[in-house]
Amino acid sequence: GARWSPASTQTLPSAPTSLDVLYRNGTGDFQSEAKGINSSLKTVGWSGASSTDPNRRAVIYNGEWQDLNDQHFIHVSSGWTLQSAEAISDNNVIVGVGVLLGIQKGFILVPRVNGN
């Protein structure tokens, strides 16, 4: 199943809050950017060396950044590298930009349900 739940117990922060960066193999990326948020406070964006970094990763924030390229979100054999998540709906459907077979394209990522 999907790694995020439809309901959130988080409350709105009273001041700006750092979302930090994605950590890969114990090393943090240099930059991250939040691009969209839903009513459950799930935030999506990217993390990498810069906004033009070909190795930047589309991410979701739910206490810490999680790489949307992780096997819990997409199948490894899909051929996609998800680079930036631009928006997330209240039912956790995510749209963004990625690379498929060397060509940059838009993507839509629908949460898997149990059994899929």
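Residues numbered from 1 in each chain as written. Predicted model: local features only at pLDDT ≥ 70, side-chain atom pairs only at ≥ 80, totals over all residues. Heavy atoms only, no water.

### Focus: the nonpolar core
- Counting residues in each nonpolar core, the largest one holds 12 residues, listed as Val44, Ala58, Ile60, Leu68, Phe73, Ile74, Leu82, Ala85, Ile88, Ile94, Phe107 and Leu109.
- At the level of secondary structure, the elements contributing two or more residues to this core comprise strand E5 (57-61), strand E7 (80-88) and strand E9 (103-109).
- The element that contributes the greatest number of residues to this core is E7, accounting for three residues.
- The residues contacting Val44, other than those within four sequence positions of it, are Glu33, Ala34, Lys35, Gly36, Val59, Ile60, Trp65, Ala85, Glu86, Ala87, Ile88 and Ile94. (Core = buried A, V, L, I, M, F, W, Y, C linked by side-chain atoms within 4.5 Å. Buried < 20%, exposed > 50% of the residue type's maximum accessible area, 1.4 Å probe, protein only. Helix = DSSP H or I, 4+ residues; strand = E, 2+ residues; numbered from the N terminus. Contact = heavy atoms within 4.5 Å.)

### Some thoughts on the environment of Ile74
- Mapping Ile74 onto the fold places it in the loop between strand E6 (65-67) and E7.
- With a relative accessible area of 11%, Ile74 lands in the buried category.
- Among all residues touching Ile74, those that are not within four sequence positions of it are Leu68, Asn69, Trp80, Leu82, Leu109 and Arg112.

### Notes on the packing of aromatic side chains
- The full count for this structure, using the stated rule, is two aromatic pairs.
- Seen from their ring centres, Tyr61 and Trp65 are 5.4 Å apart, and the 75° between their planes marks the pair as edge-to-face. No difference in accessibility class separates Tyr61 from Trp65, as the two residues are buried.
- Seen from their ring centres, Trp80 and Phe107 are 6.3 Å apart, and the 70° between their planes marks the pair as edge-to-face. Of the two residues, Trp80 is situated in strand E7 and Phe107 in strand E9; the sequence distance between them amounts to 27 residues. (Phe/Tyr/Trp six-rings, centres within 6.5 Å; stacked < 30°, edge-to-face > 60°.)

### Structural notes on the sheet that holds E5
- The four strands are arranged E3-E4-E5-E6 in an open sheet whose pairing can be described as antiparallel. For this open sheet the edge positions go to strand E3 (31-37) and E6, each flanked by a neighbour on one side alone. The mean inter-strand angle of the sheet, taken between neighbouring strand axes irrespective of direction, is 35°.
- Note that E3 and strand E4 (residues 43-48) share six bridges and pair antiparallel. From the neighbouring strand, Ile37 faces E4, where its bridge partner is Thr43. (Pairing = 2+ DSSP bridges. Axes fitted to C-alpha atoms, helices over the stretch in contact; angles between N-to-C directions.)

### Observations regarding the pairing of strand E8 (residues 94-100)
- The alternating pattern of E8 places Ile94, Gly96, Gly98 and Leu100 on a buried face and Val95, Val97 and Val99 on a face that is not buried.
- Pairing geometry for E7 and E8, over seven bridges, is antiparallel. Residue pairing across strands places Ala87 opposite Val95, the latter belonging to E8.
- The loop that links E7 with its antiparallel partner E8 comprises five residues; one of these, Asn92, has a positive phi angle of about 70°.
- Connecting E8 to the antiparallel partner E9 that follows it, the hairpin turn spans two residues, and Leu101 within it adopts a positive phi of roughly 55°.

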